[in-house]
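Structural description and commentary
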Amino acid sequence: MCTRAMWIDSGHGVLVGRNMDWREEMDTNLWVLPRGAHRVGHAADPNPLSWEAVHGSLVATVWDGATSDGVNEHGLAAHILWLAEADFGDRDPELPALAVSLWAQYFLDRCANVAECVELMAEQPFQVRPLIEPRSGRAGTVHLALDDASGDSLVIEHIDGRVRLHHDRSFTVMTNSPPYDEQLELRKRYTGFGGTLPLPGTTEAADRFVRASYYLERLPATPTPERAYAALLSVMRNAGQPFGEPDPDRPNISATIWRTLADLTSGTYLFESSFSPNIVWTRLAELDFTTCRRLDPSAPGLLGNVGSAFVESAPPEFVLS
């Protein structure tokens, strides 16, 4: 499920793109989530993590039950992607529980940059708990990428019940299986990364990892931010997956249903549905982070800057148990 690529050297700020690949539409809405919102991280656990949002954020949800992608008002972005090997381990009752549906949102609410995310995990440990994906009945096995306006990058995975942090500005691409350290090793076999194998072309996650890395590193300088956005979107489309019959046993090998692009420097967030010819965007500086607001980005007639099209709404009901 998905590809994420961050372009640090665009000449027009730090840009990050993300493809959402899934076997069915996810009724994705865009949400303006306000500062000061109180959240409980796991409804069914006797020791849930709880917090108040320090920062406002603009997020894309899946079935309005989980934050899958988004950026906050300080330029921290979060991206949840599928990882079949994810194993969150047995429950440690001493640690506060955080449902995976709010994993990305927790960092967007509490942190202004990647460094603060690392500090938060060290100073206030918590345990991410998996949930059952409501449509398929399978466990939501995922990993998380965080990036910020400075170009810092963090990939968080849970393998064999243990947390693995991959923290480095060079970790600009993430896809799905295998785990991140193995992806980095596999990439070394290909031309352009020290190996001799030709650039791979399938939709397998490991091939998308290599291909996105290769084309990202070769993006030319652009004269305007708009051209920079188009350049990164060209890489995301190259790593996208065409329509077709999905593999029921591997939901990560499915069509790309939408993609986003976040300009972490200027605070611009773009959304492109694969079922619409139009791209919509909004600027975080123009949003009101004192109330909760919602937008269906696939609504007919939407095009261009849609900041004024958000409507006040009750907050999304995150899946918590």
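Notes on the structure follow. Given the structure is predicted, the values throughout are model-derived calculations rather than measurements.

When you go through the protein residue by residue, the secondary structure sums to 5 helices and 20 strands. Scaling as 2.2 N^0.38, a compact globule of 321 residues should have a C-alpha radius of gyration of about 20 Å, and the protein matches this with 18 Å. Taken along its principal axes, the extent of the C-alpha atoms in the protein is 55 × 45 × 40 Å. Burial status across the protein gives 56% buried among its 321 residues. In the protein, the proportion of contacts linking residues at least 24 apart, taken out of those at least 6 apart, comes to 65%. Accessible area for the protein stands at about 13,000 Å²; split by element, carbon and sulfur atoms hold 51% of it. Averaging the positions of the 26 positive and the 43 negative side-chain charges in the protein gives two centres separated by 4 Å.

In this section: the state of the cysteines. Here the structure, examined in full by the defined rule, presents 0 disulfides. Left unpaired, Cys2 is separated from the closest cysteine sulfur, that of Cys117, by 19 Å. Among the residues examined, Cys2 registers a relative accessible area of 0% and is labelled buried.

Here we take up the packing of helix H1 (residues 103-110) against helix H2 (residues 114-123). Here H1 crosses H2 at 110°, and the two axes come no closer than 10 Å. Considered as vectors, H1 and H2 are oriented roughly perpendicular to each other. Contact residues: Tyr106, Phe107 and Arg110 in H1; Glu116, Cys117, Leu120 and Met121 in H2.

Two modes of strand pairing occur in sheets, parallel and antiparallel, and in both the strands are linked by backbone hydrogen bonds. Read from one edge of the open sheet, 9 strands run E13-E12-E11-E8-E7-E6-E3-E18-E20, paired in antiparallel fashion. Edge positions in the sheet fall to strand E13 (162-167) and strand E20 (311-312), since each of these pairs with one other strand and no more. When strand E11 (residues 142-147) meets strand E12 (residues 153-159), the two strands line up antiparallel, connected through 4 bridges. In the strand pairing of E12, Ala145 is matched with Val155.

A few words on the sheet that holds strand E1 (residues 3-7). The 7 strands are arranged E14-E1-E2-E15-E16-E17-E19 in an open sheet whose pairing can be described as mixed. Edge strands, defined here as strands with exactly one partner in the open sheet, are strand E14 (173-174) and strand E19 (304-305). In this structure, E1 lies alongside strand E2 (residues 15-21), joined through 5 bridges in antiparallel fashion. Looking across to E2, one finds that Thr3 is bridged to Asn19. Helix H5 (residues 225-238) rests against E1, E2, strand E15 (256-263), strand E16 (268-273) and strand E17 (279-283) of the sheet, and its axis sits at about 35° to E2.

Let us look at the pairing of strand E8 (residues 77-82). Most of E8 is tucked away: 6 of the 6 residues are buried. The turn joining strand E7 (residues 66-72) and E8, which pair antiparallel and follow one another in sequence, is formed by 4 residues; a positive phi near 90° is taken by Gly75. Pairing between E8 and E11: 6 bridges, direction antiparallel. Bridge assignment links Trp82 to a residue of E11, and that residue is Val142.

A large share of E12 lies buried, amounting to 7 of its 7 residues. What you see with E12 is no split at all: Ser153, Val155, Glu157 and Ile159 on one side and Leu154, Ile156 and His158 on the other are buried throughout. A loop of 5 residues connects E11 with E12, the two strands running antiparallel in sequence, and Gly151 in this loop sits at a positive phi of about 95°. Alignment of E12 against E13, held across 6 bridges, turns out to be antiparallel. In the sheet register, Ile159 faces E13, and the bridge partner there is Arg162. Counting the residues that bridge the hairpin from E12 to E13 gives 2 residues, and of these Asp160 lies at a positive phi of roughly 55°.

The rules behind the values
- Each chain carries its own residue numbering, running from 1 in the written order of its sequence.
- Residue-level local features of this predicted model are given only where pLDDT is at least 70; pairs of side-chain atoms are given and counted only at 80 or more, and the full residue set underlies all totals for whole chains, interfaces and linings.
- To obtain the side-chain values, all non-hydrogen atoms of the structure were used and water was disregarded.
- A run of H or I in DSSP counts as a helix once it spans at least four residues, and a run of E counts as a strand once it spans at least two, with each numbered from the N terminus.
- C-alpha atoms define the radius of gyration in this analysis, and the globule rule sets the expected value at 2.2 Å times the number of residues to the power 0.38.
- With a 1.4 Å probe rolled over the protein chains alone, any residue whose accessible area is under 20% of its type maximum counts as buried; one over 50% counts as exposed, and the rest are partly exposed.
- Pairs of residues are marked as contacts when any of their non-hydrogen atoms sit within 4.5 Å.
- For the area figures, the Shrake-Rupley method with a 1.4 Å probe applies, and any residue is considered shielded solely by the protein chains shown.
- Charged residues are defined narrowly, with Lys and Arg counted positive, Asp and Glu counted negative, and His plus the chain ends left uncounted.
- By convention, the point assigned to a charge is CZ for Arg, NZ for Lys, CD for Glu and CG for Asp.
- Cysteine sulfur atoms that pair up within 2.5 Å are treated as a disulfide.
- An axis is simply a line fitted to the C-alpha atoms; with a helix, the fit covers only the stretch in contact. Between two such axes, the angle follows the N-to-C directions and lies from 0 to 180 degrees.
- These descriptions rest on fixed angle ranges, namely under 35 degrees for roughly parallel, over 145 for roughly antiparallel, 65 to 115 for roughly perpendicular, and the rest for oblique.
- By this definition, two strands are paired if DSSP reports at least two bridges between them.

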